[in-house]
Amino acid sequence: MSNKFSTFICQNCGSETSQYFGRCVNCNEWNTIVEERKNTRFKTTSVNKKSKLFNEIEIGNISRFTSGFKEFDRVLGGGIVPGSIVLLGGEPGIGKSTIVLQSAGNISLNEKVLYITAEESLEQLKIRWERLNQSSLDLKIYAETNLSLIIEEIKRIKPCFAIIDSIQAINNDEMESSPGSVSQVRTCSSELQNLAKEKNIALLIIGHVTKDGALAGPKTLEHLVDVVLNFEGDNIASHRLLRSVKNRFGSTFEIGIFEMLENGLREVNNPSSIFTNKENISGVTTTITNEGSRPFAVDIQALVNKTFYNNPRRTTTGISINRLHQILAVIEKHVGFKLSEYDCYIATGGGFEINDTSSDLGVAISILSSLKNIPPLKNCAFIGELGLSGQVRQASNLRAKIDEAIRLGIKNILVPKITSEIKDSFQKNIQIKEISNINEAIDYAFKK
Ligand code: TYD
Ligand code: MG
């Protein structure tokens, strides 16, 4: 029976209702509504603060400390900010505990670090630790699930950096609902947050994601924290990507790339090498894509076959299917191939997810190369967005992309129009070919 002390919360999206429904009215998931008791004792902070004018507000220097991984630091915007709250999400088994334990080990060489493990025992963590070949002797570990005991221990140790692994396993015994439920996750996080802000402790909270990719108790947690990171990749391939989804202290476009090895995660400093093969075969081109501030090379593979279906098959790995449909339409209209008679499959190197539209030209040339069964021009990078009328449009961060292509030893670079200043700044032995539409690109890519 519901009463004025209970509320009904969807365990998938976190929306609240005053009565039970079989299906959540917000996210339409079935059987996700659970009755939870309201927490009637909300704490308010009563520090006497006055409103201020901007010129009365002083900004102190943000002094960050390093996580021990360059890739991790870059995604955070240059390191960990003292007193900030970071939420690290990812599927179970992706490597969240591993990256955080390695990082905690590194940080503890200089700072006081407390790792709170609510999922694994001390022995299990020690086994993992030995596997990671860490040298620090000063990392403090605390295995506990009870929120008040955790808070006491944090107050006692006074760390500079604390880790909660994971928020779903922590239990506030003042509440009736089970650990992992939305209201538990919400109150545990906000109590930990208050503590971290009060004591200026940087706090990293690990959270598991639900099947549709949302953090459990999702929106409720995301607005509480300063930084939201996602750790992604598939369990089969060894590459892992760290993406920032929200960052109050830096850009949200950055990604960090790691490789999961026998003895933990290793950062990949030269990502171009893992997403390209440098083979010159039909259906494969190389493009330079941008993720955050960093450009790197990725292969685009296409397979185009005569179809046996009424509706030709189109599938993509790494680029959006809508983008493919658009590129196929541009080729049909402006190059004059009847692609409706062909199936078309696109896959990026390593399945790397490309969000940069300047890969369009690479996709188009791969498709045509597979269709004609002719390899495109050797040692060539294709950069440019395809407009609907077949024109090649500007690419973001073009200068850095050309630099990256040159660094990789690529000799021919197809780009949209560039200023003569940029053009003159490159060495003469590199062919930077400016093109204005898809047909020029085809002529150049398949010239005899
Ligand atoms: P883990 O960090 O426990 O994942 P999460 O905390 O996100 O659930 O990572 C578990 C996986 O990583 C496990 O399948 C084994 C693999 N792994 C390695 O390949 N090498 C290693 O050195 C470690 C510690 C784990
Ligand atoms: Mg874990």
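As the structure is a prediction and not an experimental result, all values here were calculated from the model.

Draft legend 1. Structural detail: empty space enclosed by the protein. One pass over the full model with this rule turns up 1 cavity of 30 Å³ or more. For the largest cavity, the calculated volume is near 40 Å³. If you go around the largest cavity, the residues you meet are Arg64, Leu76, Gly79, Ile80, Val81, Ser84, Val86, Val227 and Phe249. Residues that form the lining of the largest cavity fall into these classes: 6 nonpolar, 2 polar and 1 charged.

Draft legend 2. Structural context of the nonpolar core. Core analysis: the largest hydrophobic core is formed by 39 residues, its most contacted members being Ile346 and Ile367. Broken down by secondary-structure element, the contributors of at least two residues to this core are β11 (255-261), β14 (294-306), α8 (321-334), β16 (342-348), α9 (360-372), β17 (380-382) and α12 (438-445). Of all the elements, α9 adds the most residues to this core, at 6 residues. Split by domain, the residues of this core number at least three in each of domain 2 (63-269) and domain 3 (273-445). Beyond its immediate sequence surroundings of up to four residues, Ile346 is in contact with Ile300, Gln301, Ala302, Thr315, Thr316, Thr317, Ile319, Leu324, Val363 and Ile367. Ranked by size, the runner-up nonpolar core spans 31 residues in total, among them Phe65, Leu76, Val86 and Leu88.

Draft legend 3. Up close: helix α2 (residues 96-107). Between its first and last C-alpha atoms α2 spans 16 Å; for 12 residues at 1.5 Å apiece the expected length is 16 Å, and the two agree. Those residues of α2 not exposed but buried are Lys96, Ser97, Thr98, Ile99, Val100, Leu101, Gln102, Ser103, Ala104, Gly105 and Ile107.

Draft legend 4. Molecular detail of the domain arrangement of the chain. For the chain, the domain assignment lists domain 1 (2-41), domain 2 (63-269) and domain 3 (273-445). Once you take the C-alpha centre of each, domain 1 and domain 2 turn out to be 28 Å apart.

Draft legend 5. Expanded view of the packing of α8 against α9. The N-to-C vectors of α8 and α9 enclose an angle of 60°; their axes lie 10 Å apart at closest approach. In terms of crossing hand, the pair formed by α8 and α9 is right-handed. Residues Arg323, Leu324, Ile327, Leu328 and Ile331 of α8 lie in contact with α9, whose contacting residues are Asp360, Val363, Ala364, Ile367 and Leu368. In terms of residue class, the contact of α8 with α9 is built from 8 nonpolar, no polar and 2 charged.

Draft legend 6. Seen up close, the packing of aromatic side chains. The final tally for this structure, using the stated rule, is 5 aromatic pairs. With 5.3 Å between their ring centres and 90° between their planes, Phe69 and Phe258 make a pair best called edge-to-face. Residue Phe69 is located in the loop between β3 (33-37) and α1 (70-76), and its partner Phe258 is located in strand β11; the two are separated by 189 residues in the primary sequence. Summarising the burial analysis for this pair, Phe69 and Phe258 share the class buried. Plain terms: the ring middles of Phe231 and Phe258 are 6.1 Å apart, the flat faces sit at 75° to each other, and that makes the pair edge-to-face. In this pair, Phe231 is assigned in strand β9 (residues 227-232) and Phe258 in strand β11, connecting sequence segments 27 residues apart. By relative accessible area, which is 0% here, Phe258 ends up buried.

Calculation notes
- Residues numbered from 1 in each chain as written.
- Chains lettered and ligands numbered in written order.
- Predicted model: local features only at pLDDT ≥ 70, side-chain atom pairs only at ≥ 80, totals over all residues.
- Heavy atoms only, no water.
- 1 Å grid on protein atoms, 1.4 Å probe; cavity = no way out; pocket = protein on both sides within 12 Å on 5 of 7 lines; lining within 4 Å.
- Points joined across faces, edges and corners; volume = space filled by probe spheres on them.
- Nonpolar A, V, L, I, M, F, W, Y, C, P; charged D, E, K, R; others polar.
- Core = buried A, V, L, I, M, F, W, Y, C linked by side-chain atoms within 4.5 Å.
- Buried < 20%, exposed > 50% of the residue type's maximum accessible area, 1.4 Å probe, protein only.
- Helix = DSSP H or I, 4+ residues; strand = E, 2+ residues; numbered from the N terminus.
- Domains from an automatic or database assignment.
- Contact = heavy atoms within 4.5 Å.
- Expected span 1.5 Å × (residues − 1).
- Axes fitted to C-alpha atoms, helices over the stretch in contact; angles between N-to-C directions.
- Left-handed = near helix turned anticlockwise from the far one by under 90°.
- Phe/Tyr/Trp six-rings, centres within 6.5 Å; stacked < 30°, edge-to-face > 60°.

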